[in-house]
Each structure stands twice: as structure tokens, then as C-alpha cells.
Amino acid sequence: MTFGTTPSGESVDRHVLSNGAMSVAVLTLGAIVQSIELGDGAGVVLGLPTVADYLERSRYFGAVVGRYGNRIAHGRFTLDGVTHELPRNNNGHSLHGGLSGFDKKVWTAEPDGERAVRLTHISPDGDEGYPGKLTATVTYTLTGDDELRIDYLATTDAPTVVNLTNHSYFNLAGSGDVRGHVVTIEADGYLPVDDGKIPLPSAPAPVSGTPYDFGTPTRVGARLDGCYDHCYVLRSGGRVRVVEPASGRAMEVETSEPGVQFYTGHMLDGVATPYDRFAGLCLETQHLPDSPNRPDFPSTVLRPGEERVSHTVYRFIA
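Residues numbered from 1 in each chain as written. Predicted model: local features only at pLDDT ≥ 70, side-chain atom pairs only at ≥ 80, totals over all residues. Heavy atoms only, no water.

**Q** Mind showing me how you'd approach the packing of aromatic side chains here?
**A** Each aromatic ring pair is described using two quantities: the centre-to-centre distance and the angle formed by the ring planes. Evaluated as defined, the whole model comprises 14 aromatic pairs. Their ring planes at 65° and their centres at 6.4 Å tell us that Y232 and F262 sit as a pair that is edge-to-face. Within this pair, whereas Y232 is found in strand β21 (residues 229–234), its partner F262 is found in strand β24 (residues 259–263), the two being separated by 30 residues in sequence. This pair shows no difference in class: Y232 is buried, exactly as F262 is. Clustering of aromatic rings is evident, with ring pairs tying together Y190, Y212, F214, Y228, Y232 and F262. Geometry around F278 places R179 over its ring, the cationic atom sitting 3.9 Å from the centre. (Phe/Tyr/Trp six-rings, centres within 6.5 Å; stacked < 30°, edge-to-face > 60°. Helix = DSSP H or I, 4+ residues; strand = E, 2+ residues; numbered from the N terminus. Buried < 20%, exposed > 50% of the residue type's maximum accessible area, 1.4 Å probe, protein only. Lys NZ or Arg CZ within 6 Å of the ring centre and 35° of its normal.)

**Q** What's the story with the pairing of strand β22 (residues 240–243) in this structure? I'm lost.
**A** A regular strand places its side chains on the two faces of the sheet in alternate fashion. With burial as the criterion, only one face of β22 is covered, namely that bearing V240 and V242; the residues R241 and V243 on the opposite face remain uncovered. Sheet topology places strand β17 (residues 182–185) next to β22; four bridges connect them, and they run antiparallel. Across the sheet, residue V182 finds its bridge partner in β22, namely V243. In the sheet, β22 pairs with strand β23 (residues 250–255) via four bridges, with the strands oriented antiparallel. Its bridge partner being in β23, V240 is matched across the sheet by V253. With antiparallel pairing between neighbouring strands as the criterion, β22 and β23 make up a hairpin whose turn holds six residues, including G248 at a positive phi of roughly 80°. (Pairing = 2+ DSSP bridges.)

**Q** Got a minute to help me understand the state of the cysteines in this structure?
**A** In total, this model carries zero disulfides according to the counting rule given. Its sulfur unpaired, C227 is 14 Å from the next cysteine sulfur, which belongs to C282. (Disulfide = S-S within 2.5 Å.)

**Q** Teacher, can you tell me more about the nonpolar core here?
**A** Side chains of a nonpolar character, in soluble globular proteins, are inclined to be buried together. Within the largest apolar cluster, 54 residues are counted, with the highest numbers of intra-cluster contacts made by I36, Y140, I185, Y232, F262 and F316. Sort the elements by how many residues they give to this core and strand β12 (residues 134–142) lands first, with five residues. If near-sequence neighbours (up to four positions away) are discounted, I36 is found in contact with M22, S23, V24, A42, G43, V44, V45, L148, F170 and F316. Core analysis: the next-biggest nonpolar cluster, separate from the first, contains 17 residues, L29, I32, Y54 and Y169 among them. (Core = buried A, V, L, I, M, F, W, Y, C linked by side-chain atoms within 4.5 Å. Contact = heavy atoms within 4.5 Å.)

Below, the structure is given as C-alpha cells:
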């Protein structure tokens, strides 16, 4: 069904996936997950009602961000001896693909029955400063076990860097403040950052003995007033688990990616965006921030003839 129209006249469609119990609504704008409704009727992600809201008042709510999710220091990286300059849209750094990233593009959708939809976006050579024509495909599948699976595929015709992730904000209570949620992150290390949220040269660092340790179930607001915006280096096969104690709802996250950015929504303000601080938390599965400038991090370089493939599963327990 049609959801709306962009200022340039592009039609934005809304596709609803259903397994008979829960449902997921996906927009072609930004490959956005607009809503997730569980079998008990609870809506557990932050969404917006119009195309204009997503273009003007969103903080990447539910979107696939790219070409490079997270930050690249000083909006610059060198690949094969060539330096590429990117838009500096976040404190002098490049964030989530720049000024007009994948979250602002209308993707092409191919529904696959009632439970899956495949979305594709072609990013031209030079788009936001990135080299190579990149073809990105994201497939959302709602399983019979109340899992939302996201499969990512990217190819290129010239060497480039890519780091795709979904930027949904979750609130398992359906409303209110997420600092009462209890989180477990199976990670031994995290990335300390500077004032611009760029990983320090010493990163990663052990989480043990720090306020960033979620190795055992810990309430979000138990430390640092719940203000987190850090990337965790997951153990092999490491998972994330979130529990909302009042309702008993839970979510488990599995991924093939090496890291997860844990952000608790403390920069939402209820003015520029419709949601107040701590209205939702993000678990952005991804490669590590600033990897194009960090040869010690897992590589995000993609070359012609290669495929960048990854997946993430969000499993809901109501």
C-alpha cells in the first residue's frame, strides 16, 4: 500500500509482514522498520506517521543506514592509496553515510509472500564521496518463531567500504523510559571513544570492572544514568538479550557481525524529534566504527567480484 510521497514525487510504499501472530511494517523509504507488533498487541519499536516526519524529524528511526553505518573520523579515509572525502555531518566526522544516506533513499521492494520482503538500493559511484557503484539488498523475513531476520548483501564495481546496519529503537514496554530494561551483552571488550565518539587508539578495551560491563543482566539505568552510545566487540557467537521486567517481554539478538552499537536514546529531545530521552534503545549490529582508518579492526573493504553478506536475527518473547 502507498504510505506517502517524497518532496521530489517518489512514491513510498508500506509492506506488512505477518506470521499470524505478530506483524512487521516495512517502508520503501530507507528500508525502514516502521512498526513491530507482538502477539499481545504491544508495539515495540519507535515509528513515525508520515514521510515528512521521517525526512525532517527522524533520528534514523528504523532505517537501514549506509553506505557506512556509524562514524568515519574527520570524514576521510584512504583506500588503495587514494584519499576519499566524505560529508562531515556529525561534530566534524561522517555519520551513517553522510548528509543523504541510505535512510533517505527510496528502495525498490519485492515482496515474497506474507512473511518476507526484499529491498534494493543502487548507490552510484561518488555518492556522498564513496567510490564505486554499490548495490545493496536487504531482506526482512518474519519467521514462525517470532523472529525478524535481516539479511544484508552488498556488491560493488570498484573498491569501496561498506557497513550496513538497521537503526531501530526498541522499547519492550511499548512506551516510557527504557532505563528499566535489563540488558545482557556477551562481549569481553568495547570501544572507548573521544569527545567526537571516535574510537581511541587503545580500543578495544576490556569491559570487566567498568560501567560498560553488561556481561550479566544489568538494568540500563544502573550506571552512567543509562547514557550509552558505544560499540561492543561481541564474542564469537555472542548474543544480546533485553528483558522488560514489568511486562516480561524479552528480545534476543544474534548476528554474524563482529560488533553491536548500544545506544540508549539519551540524545532524543522531544522537540526536534517526537520522542523524549530514553524512549528507545538501539542495538545496531555492524562492523566497528572508523574501520576504514583502523587496520587493526576487521576490514570493511569490498572489492569487485566479492559479496558482503551478513545477517541479524531479533527474536521476541512475549
